[in-house]
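These are the residues of each chain, in order.
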Amino acid sequence: MIWGRRALQHVKRFKRLPFQPEGLHRCMSAATQNLVVEMDGKSGVAVVKLNKPPVNSFNLEFLTEINILMEKLENDKSCRGLILTSNNNKIFSGGLDIMEMYNPQPDRLAEFWRTLQGMWLSLYGSRLATIAAINGHSPAGGCLTALSCDYRIMAPGFTIGLNETQLGIIPPFWFVESMINVTGQRQAEVCCQKGLMMTTEQAHSIGLVDDVVPGEAILERAHNEMKNWLKVPDFARQLTKRQIRKPTMDRLIAKRDEDIQNFVQFITKDSVQKAMGVYIDQLKNKAKK
Ligand SMILES: CC/C=C\CCC/C=C/C(=O)SCCNC(=O)CCNC(=O)[C@H](O)C(C)(C)COP(=O)(O)OP(=O)(O)OC[C@H]1O[C@@H](n2cnc3c(N)ncnc32)[C@H](O)[C@@H]1OP(=O)(O)O
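Counting from 1, residues in each chain are numbered in the order their sequence is written. Restriction of local features to residues with pLDDT of at least 70 applies here, the model being predicted, together with a cutoff of 80 or more for giving and counting side-chain atom pairs; totals for whole chains, interfaces and linings are based on all residues.

This is how it is decided: UniProt positions are given in the numbering used here, feature names are shortened, and annotations may be inferred rather than shown by experiment.
The name given to the protein chain in an unreviewed UniProt entry is Enoyl-CoA delta isomerase 1, mitochondrial, and the organism recorded there is Dreissena polymorpha. For the protein chain, the Subcellular location (unreviewed entry) comment in UniProt is given as "Mitochondrion matrix".

### Things to note about the overall build of the protein chain
The condition that has to hold: Only DSSP runs of H or I with at least four residues qualify as helices, and only runs of E with at least two residues qualify as strands; both kinds are numbered from the N terminus onward. Residue burial here comes from a neighbour count, namely the number of other C-beta atoms, placed from the backbone, that lie within 10 Å of the residue's own C-beta, with 20 or more meaning buried, 12 or fewer meaning exposed, and in between meaning partly exposed. C-beta atoms are first placed from the backbone for all residues, and any pair lying within 7 Å is then listed as a contact.
On a plain count of helices and strands, the protein chain comes out with eleven helices and twelve strands. A total of 289 residues make up the protein chain; the buried ones form 40% of that total. A fraction of 70% describes how many contacts in the protein chain between residues 6 or more apart in sequence connect residues 24 or more apart.

### Describing the site of the ligand
Operational definition: The criterion for a residue being near a molecule or strand is simple: its C-beta atom, placed using the backbone, must lie within 6 Å of it. Three classes are used, and their members are as follows: Ala, Val, Leu, Ile, Met, Phe, Trp, Tyr, Cys and Pro are nonpolar, Asp, Glu, Lys and Arg are charged, and the others, Gly among them, are polar.
If you check the shell around the ligand, you find 27 residues, and the closest are Gly94, Gly95, Ala140, Gly141 and Ala287. For the shell around the ligand, the element with the highest residue contribution is helix H11 (residues 270–288), accounting for four residues. Within the shell around the ligand, the residues separate by chemical class into 16 nonpolar, six polar and five charged.

### Brief notes about the packing of helix H3 (residues 106–124) against helix H10 (residues 256–267)
Selection criterion: Whenever a helix is involved, its axis is fitted only over the stretch in contact; in every case the axis is a line through C-alpha atoms, and angles between N-to-C directions fall within 0 to 180 degrees. Working definition: roughly parallel below 35 degrees, roughly antiparallel above 145 degrees, roughly perpendicular at 65 to 115 degrees, and oblique for all remaining angles. Helix crossings are classified by the rotation of the near helix relative to the far one: an anticlockwise turn of less than a right angle makes the crossing left-handed, while a clockwise turn makes it right-handed.
Interhelical geometry of H3 versus H10 gives an angle of 130° and a closest axis separation of 9 Å. Judged by the angle between their axes, H3 and H10 are oblique. Where H3 crosses over H10, the handedness of that crossing is right-handed. Packed against H3, whose contacting residues are Pro106, Leu109, Ala110, Trp113, Arg114 and Gln117, the element H10 presents Arg256, Asp259, Ile260, Phe263, Val264 and Ile267 at the interface. Residues belonging to the contact of H3 with H10 are distributed by class as follows: eight nonpolar, one polar and three charged.

### Focus on the sheet that holds strand E11 (residues 198–199)
What counts, and what does not: For two strands to be treated as a pair, DSSP must find at least two bridges joining them.
Taking strand neighbours across the sheet as the criterion, the three strands line up as E8-E10-E11 in an open arrangement whose pairing is mixed. The outermost strands of the open sheet, each flanked by one partner alone, are strand E8 (138–139) and E11. The sheet contact formed by E8 and strand E10 (residues 159–161) spans two bridges and is parallel. Each residue of the ladder has a partner; that of Ser138, found in E10, is Ile160.

### Considerations on helix H6 (residues 185–194)
Quick reminder: α-helices carry 3.6 residues per turn. Residues three or four places apart thus point the same way. Put simply, the test is: Think of it as the arc spanned by the lines of direction from the helix axis to the C-beta atoms.
Of all the positions in H6, only Ala188, Cys191 and Cys192 are classed as buried. Seen along its axis, H6 keeps its buried residues to an arc of 95°; they face one direction. For H6, the exposed residues set more than 90 degrees away from the buried face come down to Arg186, Val190 and Gln193.

### Brief notes about unusual backbone geometry
The bulk of non-glycine residues show a negative phi, and the bulk of peptide bonds are trans. A cis amide bond links Pro53 with the next residue in sequence, Pro54, at an omega value of 0°. Note that Pro54 resides in the loop between strand E5 (45–50) and helix H2 (60–75). Even without a glycine there, the phi angle at Asn56 is positive, about 55°. Within the secondary structure layout, Asn56 lies in the loop between E5 and H2.

Next up, the structure:
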């Protein structure tokens, strides 16, 4: 992948701090502008916290940061597992940054979508064992991110779902397939068509979420679950994951350009722009109240 100038600026910002002793093992902390990363050198588990106020929404720059970090972790032989969570204990991620899709410049819009595809491909196809510790609301693109992991733990009191149809948007086939692969066809049919935002308990009952744990205990639970995943020899786990996920990934890889064109054509329609404007006004007005 060729990174643009903006992306390279982010690479420079990703500062590696010196190894620091933590207990008996070494722990590395690092930070980009919008990500907090804690790497435990002994267990090989990286905890990545989304840290982009106010709602961890994914814009082009944030997605680029995540892609660069994923590449670093994939290439780091000592890293075996990734726990993805939020630094904001109320919102895991508000999904795609709606401002990227409102009055967009077509070139940036296409780059934005390609970068989202890249993020999904790297997380969904990661060699690492991946656990989403969902410690807040997780609509649309936030839900997709969680669906891309191997295991999901969610705190009660929040909502999650692919709610695109509620916004008059058709969820792309790879969003829907991600849901089907986790919940099964019937549940995916219902929740994607209706654009359901489910409570933690509802999500658990359809298998979208594997475990429900109070927010304050979610990271500890994620680390314990990670130990189970890392008991399996890496190569066996990785090749099995690849075998299961490859057909879904291949479908996007084969249609990547077509998918970008569809997205750009759809988003730039006058009717969609009008609806987007109304939705943004509603969000801003709600925030003011
Ligand atoms: C052919 C295929 C075509 C298209 C496919 C497109 C697929 C799209 C996928 C998506 O992910 S679309 C985005 C969907 N996300 C949402 O609809 C979430 C909307 N937000 C919320 O529901 C809530 O904001 C919340 C995330 C639950 C947080 O609620 P809270 O009450 O804590 O915060 P508040 O609503 O006051 O928002 C604070 C602040 O943040 C702004 N905001 C919220 N969400 C987004 C977002 N997704 N993108 C950009 N900005 C967002 C909100 O406007 C407020 O801003 P302000 O303080 O400046 O007013």
